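The primary structure of each chain is shown beneath.
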Amino acid sequence: MASSPCSSVNFDSGLEIKTRSVEQTLIPLVSQITTLINHKDKPKKSERTQQAIQRVGQAVSVAVGRFVAVGEAIAVENEELKEEMGMACFEARRAGDAIAQLTDVGTAVTPPVDGRTTVFSDRTGMVKAARMLLSSVTKVLVLADRIVIKQIITSRNKVLVTLEQLERVSTFQEFVQIFSQFGNQMVEFAHLTGDRQNDLKDENKKARMAAARAVLEKCTMMLLTASKTCLRHPDCESARINKDAVFHRMRFALEQVMEIVTDARPCGETKVLPLSIYTGIKDFKSNVEGLREGLYLLPHQALSGQLEAVVERMEDFTDSAYTSHEHREGILQLCQLARQDTDQLITAWMEAQSLNAKEATEEMELSILKTCQSVYELRRELHKVAVGRAADLLKLHAEHLPLRALKASGGEGNLEAVAEYARTLGEQKEQLVETCRLLCHVSGTEPLEITCIHAEETFHVIGPQIISAAQTLALHPSSKIAKENLDVFCEAWESQLCDMAVLLREINDVFEGRRGDKRAYVSLPRPKHSANLKTVKAVKLDAEEQSTIAKLGLELRLLTSDVDTEVEKWEDQEHDIVRQGQSLSSMAYSMHLFTRGEGLLKTTTELFHQAEVLSEEGLQLCSSLHTFSTQLMDEEKVAVLSEMEKLMGLCQQLQMGVRTPVQGKTATFQKVDSSIQNTRAIITVVIYLLPVCNKIVRKYKSERSNLGSPQSWRDRQSSTAVKDDVLNGKNSNGFGVKSLEQHMANLTFLESK
């Protein structure tokens, strides 16, 4: 918490704060206490200052009292924490009372000194009370956090028990009954772990949690169809293999979640990421630049040894059968150049040491710069190779030809053809697995490395599962359930390819310095007029329905990423069209999170309200586009207005859909599906409009910069003043610009997972 106000007061609670919610709860308290302690440094204070400090002290005491009451209620409900929680609450209440007493003007010593009073002479007592308060409040929060962990563990245990029951069922009737219970348990588990994921401070843990939850999300639907296939064809070996693999993967993912939540691993081992080339180069560069500060901190051989360790890991690139001769030669040449520059640096370094130099010599400084540049060129070449191969693979497999062929040959009962296309899919799997490994080397951040490893594992596991599902269909070509099972596994493969496209874009963003953190998204807006929402019963989708809309959600995620890319190309980031496009994209992203059981949209009611606000924002964009079009030439005007009318129709359709009341679970699910599809269509139009409008704005600015003489410019200035404002998104009549009050009422920006 060094970066937060919590660092203002030095205290040791003996407890590590692992979640944002605990940290954010402490920050205001730390701020108030810091104010009190800082005032101790000023012995003379006016009466007004004394009263202000007294109010702060009383406010702290009252807030602690309310806080402790909640903690004591938690203690009553959780017997195993009763003693610890009770003691922490007692200490917090005592510290709060002490602070109130220490800031009470009535108890202060008040000798008359030049019209002012000397108060709060017991600075030591204040510091002691502050430390006790922060320590005890932190302990209460961390103990309360254990309740959340306990809920997740309890939920996971329920899932495990039901999972074992599902694995042993022998009849369809029994399976349907148990799976219904399992689906509800998985939805509860998804929400609990999603909240936990969003709350974690450690970005690596968040990435690991996201990977494990993605496995559970995909496997829930696989488990349904694989189990049904096995029940329908109990003597089919490939069906049994297919089912067993799903159950094994689900158990493994559940254990991963538990390791993250409880911060424990089997036998006390620590989770260590395989060292990537990016990490190796970063550490090497750090040591090279560190020579400026200390010439005698490292042995000479350490630097060359570190570089050789990095070069050795280049074998993943150079030894690959899929790396072109040109790329291989380029990498090897850059490795050799890095070696030469490092050798020259070591020589200059040794000379500086022989002269007993206290800092880097001019020759050494030049060698440091050359070495850093050569390893940067090496990293850039590796990035180009890895990202280029990934992009080529995604284009090559965009049509999913091996999957189509497996479905067709399986449906025809052609085992030979299935075996042939299984080999093709196996080769594709190996290419994708190797490409994920290369992307991991150049990902640029540890969370992205974790995502790359997850993608590699997913392709490695799902490939054989698709093949076993296809073999089952070939043995039973008339089986509808076997066909459905193969479809589900193929969809999981396609979904992972979509995830890989998003991952590729994020890696590029980090490399180019555009975005190193997760994007922000718009949470549930709080409506001013929500009468129609009060009559609607909130519904949580079951596991099968959640899986169905997850695919639509993935498409939304890709589209919002495209919006980000187009927005970055605009010079004027404050243009109305840009701001409204970003707002639509952010709301669509929060709807994507809903399809994964994450984010702040927990129920269908919240989703529908978010969709309604999105449609209103879309209509605002239509208004901005209409104003924008009034200053355009005929051809440009027609193009913009045509898309604007399409956007308006989609927004009105979405608005009508979400405002139409429905009853029953099936109707609610259809409404969810329709809302997300309409949102997808709206964002698609926005993606088309952003570059079109940007091109027009750029063109107009170019024409303005090429105007004639000053006199001709003055003649034209009055006629173009309004046009300038409109094309620059600065409407003089306030059209399309929201008031601050309305903006704050409707939108809340939060950090995404």
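What counts, and where the lines are drawn
- Chains are numbered independently. Their residues run from 1 in the order of the written sequence.
- A pLDDT threshold of at least 70 governs which residues receive local features in this predicted model, and a stricter bar of 80 or more applies before side-chain atom pairs are shown or counted, although totals over entire chains, interfaces and linings include all residues.
- To obtain the side-chain values, all non-hydrogen atoms of the structure were included, while hydrogens and water were left out.
- UniProt positions are given in the numbering used here, feature names are shortened, and annotations may be inferred rather than shown by experiment.
- Helical segments are the DSSP runs of H or I of at least four residues, strand segments are the runs of E of at least two, and each set is numbered from the N terminus.
- Relative accessible area decides the class of each residue, using a 1.4 Å probe on protein chains only: under 20% of the type maximum gives buried, over 50% gives exposed, and in between gives partly exposed.
- The accessible surface values rely on the Shrake-Rupley method and a 1.4 Å probe; as for residues, cover is taken only from the protein chains in view.
- Definition used in this section: a nonpolar core is a set of buried Ala, Val, Leu, Ile, Met, Phe, Trp, Tyr and Cys residues joined via side-chain atoms within 4.5 Å.
- Any two residues having at least one pair of non-hydrogen atoms within 4.5 Å are treated as being in contact.
- Expected span of a helix: the number of residues minus one, times 1.5 Å.
- The aromatic pairing rule takes the rings of Phe, Tyr and Trp, using the six-membered ring of Trp, and pairs them if the centres are within 6.5 Å, calling planes under 30 degrees apart stacked, those over 60 edge-to-face and the rest tilted.
- Only when the NZ of Lys or the CZ of Arg is both within 6 Å of the ring centre and within 35 degrees of the ring normal is a charge said to sit over the ring.
- The rule for a salt bridge is simple: a side-chain nitrogen of Lys or Arg has to be within 4 Å of a carboxyl oxygen of Asp or Glu.

Taking an unreviewed UniProt entry as the reference, the protein chain is identified by name as Alpha-catulin belonging to Salvelinus namaycush. Turning to the protein chain, the UniProt record has this under Sequence similarities (unreviewed entry): "Belongs to the vinculin/alpha-catenin family." Reading the Subcellular location (unreviewed entry) entry of the UniProt record for the protein chain gives the comment "Cytoplasm".

**Q** With reference to specific residues and values, describe the overall build of the protein chain.
**A** Scanning the protein chain for helices and strands turns up 24 helices and four strands. Taken over 753 residues, the protein chain has a buried fraction of 50%. Carbon and sulfur atoms provide 52% of the accessible area of the protein chain, an area that totals close to 36100 Å².

**Q** Tell me what's going on with the environment of Val30, and back it up with residues and numbers.
**A** As for its position among the elements, Val30 is in helix α1 (residues 20-39). Classification of Val30 as buried rests on a relative accessible area of 1%. C-alpha separation for the pair Val30 and Ala130, spaced 100 residues apart in sequence, amounts to 8.7 Å.

**Q** Talk me through the nonpolar core; I want residue IDs and the actual numbers.
**A** As a rule of thumb, soluble globular proteins bury nonpolar side chains together. In terms of nonpolar packing, the biggest core is built from 106 residues, with Met364 and Ile466 touching the most fellow members. Once residues lying within four places of it in the same chain are set aside, the contact partners of Ile466 are Leu403, Leu406, Leu425, Leu486, Phe489, Cys490 and Trp493. Among the nonpolar cores identified, the runner-up in size contains 45 residues, and Met591, Leu654, Val686 and Leu690 belong to it.

**Q** Describe helix α19 (residues 576-595), with residues and values.
**A** Over its 20 residues, α19 extends 29 Å from the first C-alpha to the last, a length consistent with the 28 Å expected when each residue adds 1.5 Å. When you tally the buried positions in α19, you get 18 out of 20 residues, the bulk of the element. Taken from the residues just after α19, Gly597 is the one with a positive phi, measuring 75°.

**Q** Residues and numbers for the packing of aromatic side chains, please.
**A** Applying the stated criterion to the full structure yields three aromatic pairs. Arranged with centres 5.6 Å apart and planes meeting at 25°, the rings of Phe175 and Phe179 form a pair that is stacked. Of this pair, Phe175 and Phe179 both sit in helix α5 (residues 172-199), four residues apart, which is roughly one turn of the helix. Here the basic side chain of Lys671 rests over the ring of Phe608, its NZ or CZ set 4.4 Å away from the ring centre.

**Q** Can you break down the pattern of salt bridges residue by residue, with the values?
**A** Taken as a whole, this structure holds 34 salt bridges when the rule is applied. Note that Asp244 is salt-bridged to Arg240, the shortest N-O span being 2.6 Å. On the criterion of helical spacing, the pair formed by Asp244 and Arg240 is a turn pair, its members being four residues apart in helix α7 (residues 237-262). For Asp244, a relative accessible area of 30% puts it in the partly exposed group. Classification of Arg240 as partly exposed rests on a relative accessible area of 35%. Note that Asp487 and Lys407 form a salt bridge whose closest N and O atoms lie 3.6 Å from each other. One end of the pair, Asp487, is in helix α16 (residues 480-511); the other, Lys407, is in helix α13 (residues 401-411), with 80 residues separating them in the sequence. Each of Lys218, Asp499, Glu506 and Arg557 takes part in salt bridges that share partners, so that together they form one network.

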